[in-house]
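Residue-level structure breakdown
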Amino acid sequence: MADSSFPLPKYLQAQEELFREATRQLQSKSNPQSLSAAAEWLPDNSYLVQQICRQIREDMPAGFYRQLPKCDRGLLQNYPRVYAIAQRLIVMCKVQLNMGSITRFVRLYQTLAPLTTGELWALPVMLRLGLVEFLAQSVSRITDLTRTYALPTLTLPHAITGDETVASCITSLRMLAIQDWQDFFESVSQVEHILREDPARIYAKMDPETRDRYRKVVEKLAHATDQNEQSVAGLAIELALTQPATAHVGYYLLDAGLTQLEARLGYRPLASERARRWALAHPTPVYLGGIGLIALGGVLGGVLYAQA
């Protein structure tokens, strides 16, 4: 498959067509004794596989895909780094994924190269994508159907047969579908662990949605200043520690202290962002001014109508 800035739409459409045709072929076999194990696994799970392809398409929009850090060398050059991580995990586990192995691998990887918030959220999608690719490879070999599009993959151990790959891929896809990825994310996110050092001890007690808002600010500032997210989160904690009166880290991420954090990072908000912040900081003048403008517009409209 030729590299492109966003290869997934055509790729997923091609795999869905391959799985539908393979299912029809396997179901049409007249001699049950000649059927392989794949002939039972794929037709019985055809709906699941199609659903997974749709889920990948929904969970990985083009804008999100393009923001993910890319590999700069090797077989997966120009593909997201997290896709390469997913491939390594699948090969390491011999296609039989489990959450313990996934969590340990991600934690070990991050001792060498921390992952971004976006990469951690993208990992479940990339694991599904990797499994779909290995499943498509095996189904194509079993049915002799020609593939139109394929993604580059690492090589599975030769001892694993096509039937075993089909069965393991479907089992792993089912396992991924029932996991609580919010818990996984917070257990492996280094930004989450840093923010939990909040000296006011408030952050850890917040609901998941609020913590996510805090992390999004860290992610935005890191992207805008070309710094890693761990450094931004650490600086927010550092500011909170040095200011006892405003010790909660949220003061520097969502409150008045945000300007101090931005100044330390060398970040200057756009004019539109500064205007939005001013409006939020002065709600009464904005509200009354808006009403006044609407009233003035109504009066002027009436005068012009009367003159006409």
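Above this text you will find the structure in question.
Here's a quick rundown of the structure. (Residues numbered from 1 in each chain as written. Predicted model: local features only at pLDDT ≥ 70, side-chain atom pairs only at ≥ 80, totals over all residues. Heavy atoms only, no water.)

1. Regarding the packing of helix 7 (residues 117–143) against helix 9 (residues 181–188)
Helix-helix packing is described using two parameters, namely the angle between the two axes and the distance between the axes. Direction vectors running N to C along helix 7 and helix 9 enclose 135 degrees, while the axes themselves pass 10 Å from each other. Overall, the two elements helix 7 and helix 9 adopt an arrangement that is oblique. Once helix 7 is placed against helix 9, the crossing between them reads as right-handed. Here helix 7 contributes Thr-117, Leu-120, Trp-121, Leu-123, Pro-124, Leu-127 and Arg-128 to the contact with helix 9, which in turn contributes Trp-181, Gln-182, Phe-184, Phe-185 and Val-188. (Axes fitted to C-alpha atoms, helices over the stretch in contact; angles between N-to-C directions. Helix = DSSP H or I, 4+ residues; strand = E, 2+ residues; numbered from the N terminus. Parallel < 35°, antiparallel > 145°, perpendicular 65-115°, else oblique. Left-handed = near helix turned anticlockwise from the far one by under 90°. Contact = heavy atoms within 4.5 Å.)

2. Here's the deal with the packing of aromatic side chains
Aromatic ring pairs: the centre-centre distance and the angle between the two ring planes describe each pair. For the coordinates displayed, the defined rule picks out 7 aromatic pairs. When the centroid spacing of 6.5 Å and the interplanar angle of 25 degrees are considered together, the rings of Phe-105 and Tyr-109 count as stacked. Residue Phe-105 and its partner Tyr-109 are both found in helix 6 (residues 99–110); the two are separated by 4 residues, about one turn of the helix. Its relative accessible area of 17% is what places Tyr-109 among the buried residues. Relative to Tyr-252, the ring of Tyr-251 lies with its centre 5.0 Å away and its plane at 85 degrees, an arrangement referred to as edge-to-face. Relative accessible area serves as the criterion here: at 0%, Tyr-252 is assigned to the buried category. Taking NZ or CZ as reference, Lys-70 lies 5.4 Å from the ring centre of Tyr-65, over its face. (Phe/Tyr/Trp six-rings, centres within 6.5 Å; stacked < 30°, edge-to-face > 60°. Buried < 20%, exposed > 50% of the residue type's maximum accessible area, 1.4 Å probe, protein only. Lys NZ or Arg CZ within 6 Å of the ring centre and 35° of its normal.)

3. Structural notes on helix 13 (residues 258–265)
Along an α-helix, a turn takes 3.6 residues, which lines up residues three or four apart on a common side. Among the residues of helix 13, Leu-258, Leu-261, Glu-262 and Leu-265 are the ones counted as buried. In an axial view of helix 13, the angular spread of the buried residues amounts to 100 degrees, which keeps them on one side of the axis. (Arc of directions from axis to C-beta.)

4. A word on the side chain of Gln-87
With respect to the helices, strands and loops of the structure, Gln-87 is situated in helix 5 (residues 81–92). For Gln-87, the side chain forms a polar contact with the main-chain nitrogen of Leu-154, separated by 3.3 Å. In contact with Gln-87, not counting residues within four places along its chain, are Leu-76, Gly-130, Phe-134, Pro-152, Thr-153 and Leu-154. (Polar contact = N/O pair within 3.5 Å; in protein donor to acceptor, adjacent residues only side chain to side chain.)

5. Structural notes on the pattern of salt bridges
What the rule picks out here adds up to 14 salt bridges. Where Glu-21 meets Arg-24, a salt bridge forms, and the shortest distance between an N and an O atom there is 2.7 Å. Remark: Arg-24 and Glu-21 occur in helix 1 (residues 8–27); sequence separation between them is 3 residues, near one turn of the helix. You can call Glu-21 partly exposed: its relative accessible area is 33%. By relative accessible area, Arg-24 is classed as partly exposed at 49%. For Arg-211, the salt bridge is made with Glu-192, and the minimal N-O distance between the two is 3.5 Å. You can see Arg-211 sitting in helix 11 (residues 208–225) and its partner Glu-192 sitting in helix 10 (residues 190–195), a full 19 residues away along the chain. Take Glu-192: its relative accessible area is 0%, and that puts it in the buried class. One salt-bridge network, held together by shared partners, links Glu-186, Glu-192, Arg-196, Arg-211, Asp-212, Arg-215 and Lys-216. (Salt bridge = Lys/Arg side-chain N within 4 Å of Asp/Glu carboxyl O.)

6. Re helix 3 (residues 46–59)
Here helix 3 contains 14 residues, and its C-alpha end-to-end distance of 20 Å stays within 8% of the 20 Å for a straight helix at 1.5 Å per residue. Residues of helix 3 that are buried include every one of Ser-46, Leu-48, Val-49, Gln-50, Ile-52, Cys-53 and Ile-56, and no others. (Expected span 1.5 Å × (residues − 1).)

None of the figures reported here should be taken as evidence of function without further support.
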